[in-house]
Amino acid sequence: MEGKILDQMQSFSWVDYVVFVFMLAISGLVGIYWGFFKKQTTQNDYLLGGRNMKVIPVAMSLVASFVSGITLLGSPTEVYMYGTQYAYIMGGIFLMTIVMTQVYLPVFHELKITSNYEYLSMRFDNRVRLFGSILFAFTLVGWLPIVIYVPALAFNQVTGVDIHVITPIVCLVCIFYTSAGGLQAVVWTDVIQITAMVGAMALVAVKGTIDVGGVGVVWQRNLESGRIETPNWDLRPTARHTIWNLFIGGFVYWLQANAVNQTMVQRYLALPTLRGAKWAVFLFCIGISTLYCFCLYCGLLIYARFHDCDPLQTKLAKAKDQLLPLLVMDVLGDIPGLAGVFVAGIFSAALSSLSTSLNSMSAVVLEDFYKPFFKKRLSERQTNFLLKGVVIVLGILCLALVFIVEKMGTVLQLTMTLEAITMGPQLGVFTMGILIPFVDATGALVGGITGVAGMAWWCLSAQMAIARGYISHPHKPLTTEGCSYNFTHVETFITESRPEVNALLHVSYMWYTLAGSLTTIFVGVIASKINSLLGKVYIPPTPKLLAPQIRRFLNNPPQPADELYIRAFEYNKDSPQLNSTAVNMKPITESEERS
């Protein structure tokens, strides 16, 4: 019987397919326009839009690329299963906005760099720069397959089409317009796609609320089930979500995702002024919070609709992250075209995240993997070929990795857990560079490697324990008592005794990024102090490489040589021998500069 119900809900009409294809076609046309009619003639045009982008499109692009299908589908699932406690992470987002605009962004924007890993070479040396770049590459390769897989799940729920049929089609469109049009194509497709996202979520929220009987019914049913929650002030680190780990841990998570992540920083650097970049951060904060509210409300709506007949137990939804698509087909399936708008919105989120990441990775390969280690200068044609080649190869690799991702669990927690392995230590390395003047290159590298090793053991061990059922978190009550159709009830057997696991593995995943950052900083500081005691020569960084707040406490005011330092970096950055000590010890002379 549940099979018939599912077939009825998979009523994706030809109008829905037209809407979906139309969205893909628009994205492709934007790529054609910027790739063939408004050609990106230089590397600066392709990667940074000529550093002349506008604030509002960039802010919309930032929201679109950050809000992947993981957020759109994972956040409602979180509310349905565990309640609204996760909503308090928005406090961490606002705190991140203040810290980023005052501490990190002024440094990167003033240096006029292309890849933010160039900063690590200027502040430390090429070893640290390569370390940061490799971490970024591993993060993308692990994250992008999840980004691709999640909307394919939604498409499968509403159409029945296999995920391995739809993912290649959508990815090829994305690879095409990203490789053809560069950052301009990425930003302007993002603007279109964020409009589709917000429209889709608003449509579901309004129509779904009307169908269940209004906002009062939605609120009352969730209140009675305990899903509407006041802040949890529990001080135990093992509590899954509390006001502490959401505000503090969430702040650090969002800081690494926005302040030192190349995919985000690259768009801020594309704006001509620091003031414009700061405005983009504030608009991003407002936009992301608004979209989060839509997602969290849709989670309440899912429970209000299925409060007496849980679709997970009846197998109406095969996976937790198919709950929102199921709701969509339930409330919008009878109106041709509306389900197509929703699926287009979900895929828009994936396309924007994928295109931004591919463009950023091409910048990292050129600036951080090629230029510092190869003497040969590339022509504009060779540079163009390399940038587009990276987009194509990485896109195909991520598409292949979808086969692995589909074997994993709930995407929201999984994503934040895997990111913490690399991004926590990476935030620690950048923070040492910007805020702690006495940390040297060896200290930063030792701290970063220690942080990655420690977090890899912790995060992967915890994820393995969860997958084996050794660690579980109780979810909110779910029932099938009110189901009006027959289904096969699957008995769940609970093992009486579970193997004891390390107490550290029970710590909430919301603390992972903070732990990775603090471990990196602590070890980096200790290693730098040891180097100092051993008598190793260390030349302090120039003020431009430190946060504005730290510059005020330095005894050495900026000298004209500092300007030569920055220009020396620009002059010599293609050289494989570049390191900050060499540049500090021997700035270029006026005759060298003229040549």
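For the structure itself, consult the block above.
The structure contained in this document is the topic of the report that follows. (Residues numbered from 1 in each chain as written. Predicted model: local features only at pLDDT ≥ 70, side-chain atom pairs only at ≥ 80, totals over all residues. Heavy atoms only, no water.)

Looking only at helices and strands, the chain features 23 helices and zero strands. Within the chain, the fraction of its 595 residues that count as buried is 58%. For the chain, contacts bridging at least 24 residues in sequence account for 87% of all contacts bridging at least 6. As displayed, the chain has an accessible area near 24100 Å², and 66% of this comes from carbon and sulfur atoms. (Helix = DSSP H or I, 4+ residues; strand = E, 2+ residues; numbered from the N terminus. Buried < 20%, exposed > 50% of the residue type's maximum accessible area, 1.4 Å probe, protein only. Contact = heavy atoms within 4.5 Å. Areas by Shrake-Rupley, 256 points an atom, 1.4 Å probe, with all protein chains shown as cover.)

It is worth spelling out a nonpolar patch on the surface at this point. On the surface, I56, W279, F282, L283 and I286 cluster together into a nonpolar patch covering about 490 Å² of accessible area. By residue number, the principal contributor to the nonpolar patch is helix α13 (residues 274–305), which donates four residues. With relative accessibility at 54%, the residue I56 sits in the exposed group. (Patch = residues over 30% accessible without salt bridge, like charges linked within 9 Å, V, L, I, M, F, W, Y side chains within 5 Å. Salt bridge = Lys/Arg side-chain N within 4 Å of Asp/Glu carboxyl O.)

Take unusual backbone geometry next. Positive phi outside glycine occurs at K112, with the angle close to 55°. Looking at the secondary structure, you find K112 in the loop between α6 (89–111) and α7 (118–123). For K112, a relative accessible area of 41% corresponds to the partly exposed category.

Our focus in this paragraph is the packing of helix α12 (residues 262–269) against helix α15 (residues 338–370). Close contact between α12 and α15 brings their axes to 9 Å; oriented N to C, the two are set at 85°. As judged from the angle between their axes, α12 and α15 are roughly perpendicular. Contacts between α12 and α15 involve Q262, T263, Q266 and R267 from the first element and T356, S357, N359, S360, A363 and V364 from the second. For the contact of α12 with α15, the residue count by class is two nonpolar, seven polar and one charged. (Axes fitted to C-alpha atoms, helices over the stretch in contact; angles between N-to-C directions. Parallel < 35°, antiparallel > 145°, perpendicular 65-115°, else oblique. Nonpolar A, V, L, I, M, F, W, Y, C, P; charged D, E, K, R; others polar.)

Attention shifts here to the nonpolar core. Within the largest apolar cluster, 164 residues are counted, with the highest numbers of intra-cluster contacts made by Y119, W254, Y268, F284 and F342. Excluding its chain neighbours within four sequence positions, the residues that come into contact with Y119 are V107, F108, L111, I113, F430, G433, I434 and L545. (Core = buried A, V, L, I, M, F, W, Y, C linked by side-chain atoms within 4.5 Å.)

With that out of the way, let us pick up the pattern of salt bridges. Scanning the model with the defined rule gives seven salt bridges in all. Residue E78 pairs with R240 through a salt bridge whose shortest N-O separation is 2.8 Å. Taken together, the residues E78 in helix α5 (residues 69–82) and R240 in the loop between α10 (215–224) and α11 (243–259) connect sequence positions 162 residues apart. When its relative accessible area of 5% is taken as the criterion, E78 is described as buried.

The next point concerns the side chain of N245. Mapping N245 onto the fold places it in helix α11. Relative accessible area serves as the criterion here: at 0%, N245 is assigned to the buried category. Of the polar contacts made by the side chain of N245, one reaches the backbone oxygen of A239; its length is 3.2 Å. Looking at N245, its side chain comes within polar contact range of the side chain of S508, at 3.5 Å. (Polar contact = N/O pair within 3.5 Å; in protein donor to acceptor, adjacent residues only side chain to side chain.)

By the secondary structure assignment, E367 is in helix α15. Through-space distance from the C-alpha of E367 to that of I113 is 9.6 Å; in sequence the pair is 254 residues apart.

To continue, consider α11. With 17 residues, α11 extends 23 Å from end C-alpha to end C-alpha; this agrees with the ideal 24 Å at 1.5 Å per step. Along α11, the largest kink reaches about 30° and is centred on G250. The element α11 is largely enclosed, with a buried count of 14 among its 17 residues. (Expected span 1.5 Å × (residues − 1). Bend = angle between axes of the 7 residues up to and from the residue.)

The analysis is restricted to geometry; functional conclusions fall outside its scope.
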